[in-house]
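# A structural walkthrough
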Amino acid sequence: MSESVLVVGGGLVGALIALRLAEAGLPVRVLDRDHPGAESSSAGAGILAAQSEAIESGPILELGLASRALHATLNQELIGLTGGGSGYRQNGTLIPTTEGDHADHLAAHLWQRTRGLRLESLDASATRALAPGLHARFTSGVFFPEDASVDPPKLMASAIEAAARKGVQFEHGATVREVMQSSGRVTGVRTDHATRSAEVVVLCAGAWSEQVAGALDDSQQIRPARGQLAELALSPVPFGPVLFAGGGYLLPRSDGRVCVGSTMEMVGFARGTTAAGIRTLLDRAIDAVPALGDAEVTRTWSSFRPRSPDGLPFVGGLGVHGLYVAAGHHRSGILLAPITAEIVRDLIVDGRRHRLLDAIAPERFRKHRPG
Ligand SMILES: Cc1cc2nc3c(=O)[nH]c(=O)nc-3n(C[C@H](O)[C@H](O)[C@H](O)COP(=O)(O)OP(=O)(O)OC[C@H]3O[C@@H](n4cnc5c(N)ncnc54)[C@H](O)[C@@H]3O)c2cc1C
């Protein structure tokens, strides 16, 4: 059987790439070793923090801004195609500050205004209006009104359904072991059960991408970075924007749930949550918003961010005709998936290189080696 395009991995990155390629008229099949959406893309918090997490200008800020804008239109597109949408909300992100640290937080982000971006320095009453439940020591804040959030399981389910409606075939339980090539061209993949032919292969296996032989080289490392999360329920939630406080975040959902994140642990692929990890999250949450001490703990879980050596994704061709990668999005894969899908579609369909591709090109480490 000859497939035109095989996408390895059905997380958000793989599903949106498949959707865009199918829209361009290519026959696309997504192979997932478990089921599409099984891993990080359904587990992440879903903050689209293009601005509040940016402490310098550069390609990652530009990619984040472009992708944040695409999320708003993607939500409408998914509602139109599936009725479901992504749970997109432009509720902004807020860094609550104290008298002692407000100036520092503001200075760390004020440069964004020269780039034409909106951010607001809030006094006590404006901070309290957005987040009445904040601890009294927070007498000010830095607010990013255009940052947003999505509900990852909802987004993931809608993306899969939309892609399927455009003709993408999803295959569960298909573990890809190796990418096959001959005379500088990709020829397909080898799974546990069969060899599958393809003219184009796109590797989107998240934190597991290195385990697929024949694609990445030694300079293109992707390691798992475990993150633990907790979900609380409190009605009403006493804050509107996503809060960044105490080294973590609190993300309010529209239905009274609050997602509390997250740890960053290099523990390989050890699944699960730990007492110390969850304690850290809950301590931070209650410290920032004391009323959360009365909230019900409804869920705890963990997943694996795909982390490259510089924290930026690998997106682009792998030096073999027809072989591409889109993986290693680390802490920002939900934010960056829409722009990644457009970049990969432009490369595969039109041979067009995005102006920011050099910063995330897979060969960026190799290029700087002596000799
Ligand atoms: C705790 C936590 C919080 C996060 N919060 C945010 C956030 O707020 N905002 C944000 O932008 N990002 C966030 N992220 C990061 C984001 O979730 C990831 O960067 C993103 O989901 C990666 O998407 P992906 O499609 O590359 O990988 P995944 O979603 O992990 O998908 C990879 C897929 O590949 C499949 N697969 C693996 N190996 C094989 C194989 N050999 N053959 C076939 N299939 C295979 C897997 O089954 C899986 O379905 C968070 C991550 C974590 C862990």
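All values derive from a computational prediction rather than experimental measurement.

In the neighbourhood of the ligand, 42 residues make up the surrounding shell, with Asp32, Ser41, Ile47, His330 and Leu335 lying closest. Histidine 330 places a main-chain nitrogen or oxygen 2.8 Å from an oxygen atom of the ligand. The contact in question runs from a nitrogen atom of the ligand to an N or O atom on the backbone of arginine 331, over 2.9 Å. Protein chains shield 98% of the accessible area of the ligand, which is 1,000 Å² for the free molecule.

We now examine the domain arrangement of the protein chain. Per the domain assignment, the segments of the protein chain are domain 1 (2–82 + 152–222 + 309–367) and domain 2 (93–146 + 223–305). Taken together, the contacts link 29 residues of domain 1 with 28 residues of domain 2. Buried surface at the junction of domain 1 and domain 2, summed over both partners, amounts to about 2,300 Å²; 56% is from carbon and sulfur atoms. By the criterion of area lost to domain 2, the three top residues of domain 1 are Ile47, Gln51 and Ser52, representing 25% of everything that side buries. Put simply, arginine 68 and glutamate 146 hold a salt bridge, and the shortest N to O gap is 3.9 Å. Across the contact surface, domain 1 and domain 2 share 14 residue pairs in polar contact (both at pLDDT 80 or more). Breaking the side of domain 1 that touches domain 2 down by element, the ones donating at least two residues are α2 (40–43) and α3 (59–82).

Further remarks concern empty space enclosed by the protein. Inspection of the entire model under this criterion finds 2 cavities of 30 Å³ or more. The calculated volume of the largest cavity comes to roughly 60 Å³. Residue lining of the largest cavity: Leu243, Phe244, Ala245, Gly248, Tyr249, Leu250, Val260, Gly261, Leu281, Arg284, Ala285 and Ala288, and that is the complete set. A per-element tally of the lining of the largest cavity places helix α7 (residues 275–288) first, with 4 residues. Among the residues making up the lining of the largest cavity, the classes are represented as 9 nonpolar, 2 polar and 1 charged. Considered as a void within the structure, the second largest cavity measures approximately 40 Å³ in volume. Among the elements that make up the lining of the second largest cavity, the one with the highest residue count is helix α8 (residues 333–350) (4 residues). Residues belonging to the lining of the second largest cavity are distributed by class as follows: 7 nonpolar, 2 polar and no charged.

Cut-off values and rules
- Residues numbered from 1 in each chain as written.
- Predicted model: local features only at pLDDT ≥ 70, side-chain atom pairs only at ≥ 80, totals over all residues.
- Heavy atoms only, no water.
- Near = heavy atom within 4 Å.
- Polar contact = N/O pair within 3.5 Å; in protein donor to acceptor, adjacent residues only side chain to side chain.
- Areas by Shrake-Rupley, 256 points an atom, 1.4 Å probe, with all protein chains shown as cover.
- Domains from an automatic or database assignment.
- Contact = heavy atoms within 4.5 Å.
- Buried area = accessible area lost by both parts, 1.4 Å probe.
- Salt bridge = Lys/Arg side-chain N within 4 Å of Asp/Glu carboxyl O.
- Helix = DSSP H or I, 4+ residues; strand = E, 2+ residues; numbered from the N terminus.
- 1 Å grid on protein atoms, 1.4 Å probe; cavity = no way out; pocket = protein on both sides within 12 Å on 5 of 7 lines; lining within 4 Å.
- Points joined across faces, edges and corners; volume = space filled by probe spheres on them.
- Nonpolar A, V, L, I, M, F, W, Y, C, P; charged D, E, K, R; others polar.

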